[in-house]
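The chain contents come next:
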Amino acid sequence: MQIDWIWGLIGGVLIGTGGAVYLLGNGRIMGASGIIGGLVDGSGWSTLWERVAFLFGVVVMPLILWPLYNVDIDTHMTSNWVVIVAAGLLVGIGTRIANGCTSGHGVCGISRFSLRGIVATVFYILAGGLMLAIFRHVLEVI
Amino acid sequence: MRLLLSLLAGALFGGGLFISGMTDTTKVQGWLDVFGNWDPTLAFVMGGAILPMVLAWRLTEGRKPLAGGEFPALPRPELDHRLITGSVLFGMGWGLAGLCPGPAVASITYNGMGGLIFLAAMLVGMGAAPAVGRGLDRLAAPA
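Reading the values: rules and limits
- Residues numbered from 1 in each chain as written.
- Chains lettered and ligands numbered in written order.
- Predicted model: local features only at pLDDT ≥ 70, side-chain atom pairs only at ≥ 80, totals over all residues.
- Heavy atoms only, no water.
- UniProt positions renumbered as here; feature names shortened; annotations may be inferred.
- Helix = DSSP H or I, 4+ residues; strand = E, 2+ residues; numbered from the N terminus.
- Buried < 20%, exposed > 50% of the residue type's maximum accessible area, 1.4 Å probe, protein only.
- Contact = heavy atoms within 4.5 Å.
- Areas by Shrake-Rupley, 256 points an atom, 1.4 Å probe, with all protein chains shown as cover.
- Lys, Arg positive; Asp, Glu negative; His and termini not counted.
- Charge placed at Lys NZ, Arg CZ, Asp CG, Glu CD.
- Patch = residues over 30% accessible without salt bridge, like charges linked within 9 Å, V, L, I, M, F, W, Y side chains within 5 Å.
- Salt bridge = Lys/Arg side-chain N within 4 Å of Asp/Glu carboxyl O.
- Disulfide = S-S within 2.5 Å.
- Buried area = accessible area lost by both parts, 1.4 Å probe.

Naming follows an unreviewed UniProt entry, where chain B appears as Sulphur transport domain-containing protein of Antarcticimicrobium sediminis.

As recorded by an unreviewed UniProt entry, chain A carries the name YeeE/YedE family protein and is attributed to Antarcticimicrobium sediminis. Per UniProt, chain A has the following entry under Sequence similarities (unreviewed entry): "Belongs to the TsuA/YedE (TC 9.B.102) family."

Caption draft 1: The arrangement of the overall build of chain A in detail. Broken down by element type, chain A carries six helices and zero strands. In chain A, the order of α-helices and β-strands from amino to carboxyl end is α-α-α-α-α-α. With the C-alpha coordinates aligned to their principal axes, the bounding extent of chain A is approximately 45 × 40 × 30 Å. Counting the 142 residues in chain A, one finds 53% classified as buried. Across chain A, every contact between residues at least 6 apart in sequence was considered, and the portion connecting residues at least 24 apart equals 33%. In the structure as shown, chain A presents an accessible area of about 6300 Å², 71% of it carried by carbon and sulfur atoms. With 6 positive and 6 negative side-chain charges, chain A shows a separation of 18 Å between the mean positions of the two kinds.

Caption draft 2: How the structure looks around unusual backbone geometry. Residue and element names in this part refer to chain A. The residue H76 is not glycine, and still its phi comes out positive at about 50 degrees. As for its placement among the helices and strands, H76 is situated in the loop between α3 (48-65) and α4 (81-98). Residue N99 is not a glycine yet carries a positive backbone phi of 60 degrees. Of note, N99 is situated in the loop between α4 and α5 (102-110).

Caption draft 3: Looking closely at the UniProt feature "transmembrane region" (unreviewed entry) in chain A. All names here are of chain A. Those residues carrying the UniProt feature "transmembrane region" (unreviewed entry) are residues 6-25, 52-69, 81-101 and 113-135 in this numbering. This span, residues 6-25, is 100% helix and 0% strand, and a straight line between its end C-alpha atoms measures 28 Å. Summarising residues 113-135: 91% helix, 0% strand, and an end-to-end C-alpha distance of 33 Å.

Caption draft 4: A look at a nonpolar patch on the surface. Together, I3(A), W5(A), I6(A), W7(A), L9(A), I10(A), V13(A) and F44(B) make up an exposed nonpolar region whose accessible area comes to about 640 Å². Ranked by residues supplied to the nonpolar patch, first place goes to helix α1 (residues 4-26) of chain A with six residues. With respect to the helices and strands, F44(B) occurs in helix α3 (residues 41-60). Overall, the relative accessible area of 31% leaves F44(B) in the partly exposed class.

Caption draft 5: Here's a closer look at the state of the cysteines. Applying the stated criterion across every chain, the model contains zero disulfides over all chains. Free cysteine: C101(A), not disulfide-bonded; nearest cysteine sulfur from C100(B) at 6.0 Å. Judged by its relative accessible area of 1%, C101(A) falls in the buried class. With no disulfide of its own, C108(A) has C101(A) as its nearest cysteine by sulfur position, at a separation of 9.2 Å. A relative accessible area of 1% places C108(A) in the buried class.

Caption draft 6: Representation of the UniProt feature "transmembrane region" (unreviewed entry) in chain B within the structure. Residues and elements named next belong to chain B. UniProt tags residues 41-60, 81-106 and 112-132 as "transmembrane region" (unreviewed entry). Span residues 41-60 is 100% helix and 0% strand, its end C-alpha atoms 29 Å apart. Along residues 81-106 one finds 88% helix and 0% strand; the C-alpha atoms at either end are 30 Å apart.

Caption draft 7: Highlighting the interface of chain A and chain B. Counting residues at the interface gives 96 residues for chain A, matched by 101 residues for chain B. Of all residues in chain A, I97(A), R112(A) and R116(A) bury the most surface against chain B, accounting for 8% of the area lost on that side. Between E50(A) and R2(B) there is a salt bridge, and its shortest N-O distance comes to 2.6 Å. Listed by contribution, the elements that provide at least two residues to the side of chain A that touches chain B are α1, α2 (32-40), α3, α4, α5 and α6 (115-138) of chain A.

If you want it as structure tokens, here you go:
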């Protein structure tokens, strides 16, 4: 637990390096919701294979690292299906309407000192914190 | 070239999410849960990710992307109602499940049935988003 922040920092640098490769190499902003969402609504079909290659890397790399990482992996995912479906819908709708999520607005936006990225990040963190306060501490359902 | 760079970026992104613990929903919810057992890990992940990106944005100045094309321009206007409403909706879902789009994809092979259902619901939400966005535009437009 005490060394979690070191893993967080190392992982964070890897995430940012990925974003740097995507930006400097392909000239694109590495936003997970944009890369996925463009495939869903058809707006990104002109760059279909780039998106598929990116997502393939995202899915496969944890499987490669898994045997090297001698810590039990547990996602602690909730088993409440109503919460899962509601959360998934909210994340899908919200990220596409805001045109970005934690990677696009958070990582790529803040590092550019973009007002959009900073404002979006403040609002999604506040909204997330409010949900924890209400649903964990008041209603005690998550 | 573009495909290889995409694959490399995706691998770094997925590997980083895995190593940092961001596919563990308790770490994300722990960061958001200021009234509970608060976990600062997410701030280190964000900070660590922003560092190389600050450098990358500097390097874009006066250059072109390696694989051709142009670097993306900032959207104008910078702030609009969609940015705020969308971010609030996203934050609500993020807090409820502790998953955002990147980790939802990265953890798909080890997050069980719940992870699959979350991803399916997220894709449905993404499909519905253009229509929801147009509805919001009508609400926001002066009568």
